[in-house]
Amino acid sequence: MLIFATNNQNKVDEIKSILTGLIDVCSLREANIDIDIPEPHDTLEENATEKSRTIFNITGKDCFSEDAGLEVIALNGEPGVKSARYASEEALYKNNTDKLLHQLNGVQNREAQFKTIISLMLGGKEYQFQGLCKGIITTQEFGENGFGYDAVFIPEGSNKTFAEMTMEEKNKFSHRKKAVAKLISFLKDKKWEELN
Ligand code: IMP
């Protein structure tokens, strides 16, 4: 059993849909851990480490965390590590998406990428895995599914936004899926079964 160090239910659902039948994952809520994990750093890598270390220090158990962000070329990589707090500290997904579309109003270059960093704490040692998904930012929102910037991001190789896809379709492209694939193959190499 691996604890997934997040309070974001969308992320829990996505990760569980990928790991079903492979690795048992339990969320912080399911592990009865009520904690708001800070994201004080300037990089996804450092924030991911902060989250997994925090949970490992509390529980002493193997766990992993994930930090993700959207990097837009024309905005010099913004919102990046600030993706969740782009419009303000208390921003809702809709506020952030509105701000992004506003910043890109009239901008020709719509290239962007989602980046996920997974930090795995296994036996007290940390391992990181990265997943990237390149795509473009639309000029308006399309679709109702997903979360965050899903309604304005079309991944390379598709003509639909993430928010117009089922979770299964999104998993064919997603940054999170790619990082999790690396996590899975690492755990398989480590003979995960034997570790439990
Ligand atoms: P954090 O990893 O919890 O810091 O969240 C980063 C922010 O990036 C989220 O609040 C979303 O706004 C955005 N984000 C991360 N992954 C995705 C995704 O798969 N789709 C849409 N937005 C995402």
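Residues numbered from 1 in each chain as written. Predicted model: local features only at pLDDT ≥ 70, side-chain atom pairs only at ≥ 80, totals over all residues. Heavy atoms only, no water.

Points about the state of the cysteines
So the rule is basically this: Disulfide: a pair of cysteine sulfur atoms within 2.5 Å of each other. Throughout, exposure labels follow a simple rule: accessible area from a 1.4 Å probe, protein chains only, divided by the maximum for the residue type, with under 20% read as buried, over 50% as exposed, and the rest as partly exposed.
Counted according to the given criterion, the structure contains zero disulfides. Not part of a disulfide, cysteine 26 finds its nearest cysteine sulfur in cysteine 63, a span of 10 Å. For cysteine 26, a relative accessible area of 11% corresponds to the buried category.

Remarks on the layout of surface pockets
To keep it simple, the criterion reads: Every definition here rests on a 1 Å grid over the protein atoms only: cavities are sets of points where a 1.4 Å probe fits but cannot get out, pockets are open sets enclosed by protein on both sides within 12 Å along at least five of seven lines, and lining residues have some atom within 4 Å of a point. Grid points are joined across faces, edges and corners, and a volume is the space filled by probe spheres set on the points. A helix here means a DSSP run of H or I that spans at least four residues, while a strand means a run of E at least two residues long, and both kinds are numbered starting from the N terminus. Under this grouping Gly is polar, as are all residues other than the nonpolar Ala, Val, Leu, Ile, Met, Phe, Trp, Tyr, Cys and Pro and the charged Asp, Glu, Lys and Arg.
Of the voids in this model, the largest pocket is the one considered here, and its volume is about 760 Å³. Along its surface, the largest pocket is lined by 31 residues, and Asn8, Lys11, Glu39, Ala84 and Tyr93 are the ones closest to its centre. Of all the secondary-structure elements, those providing two or more residues to the lining of the largest pocket are strand S3 (63–72), helix H3 (93–103) and helix H5 (175–189). Broken down by element, the lining of the largest pocket gets its largest block of residues, four residues, from S3. Among the residues forming the lining of the largest pocket, the class breakdown is 12 nonpolar, eight polar and 11 charged.

Some details on the pairing of strand S6 (residues 125–137)
Put simply, the rule is: At least two DSSP bridges between two strands are needed for those strands to be called paired.
Judged from the 12 bridges that link them, strand S5 (residues 111–122) and S6 form a sheet pairing that is antiparallel. When the bridges of S6 are listed, methionine 121 appears paired with glutamate 126. Linking S5 to S6, which pair antiparallel, is a turn of two residues; within it glycine 123 sits at a positive phi near 60°. Pairing of S6 with strand S7 (residues 153–155) involves three bridges; the strand directions are antiparallel. Looking across to S7, one finds that isoleucine 136 is bridged to isoleucine 154.

Quick notes on the site of the ligand
Inclusion rule: Being near a molecule or strand, for a residue, comes down to having at least one heavy atom within 4 Å of it. Throughout this description, a polar contact denotes any pair of N or O atoms lying within 3.5 Å of each other; where both atoms belong to protein, one of them has to be capable of donating a hydrogen while the other can accept it, and for residues adjacent in sequence the pair is counted only when both atoms sit in side chains. Method for areas: the Shrake-Rupley scheme with a 1.4 Å probe, in which residue coverage is limited to the protein chains shown. Whether a molecule sits in a cavity or pocket is decided by its atoms, more than half of which must lie within 2 Å of the grid points.
Near the ligand you find 15 residues, and of these Lys11, Ala68, Asp150, Lys170 and Arg176 are the closest. In the model, a nitrogen atom of the ligand is placed 3.1 Å from a nitrogen or oxygen of the tyrosine 149 main chain. Considering the ligand on its own, with 480 Å² of exposed area, one finds that the protein chains cover 95% of that surface. Using a 2 Å cut-off from the grid points, one finds that the ligand occupies the largest pocket. Secondary-structure elements contributing two or more residues to the shell around the ligand are S3 and H5. Residues that form the shell around the ligand fall into these classes: six nonpolar, three polar and six charged.

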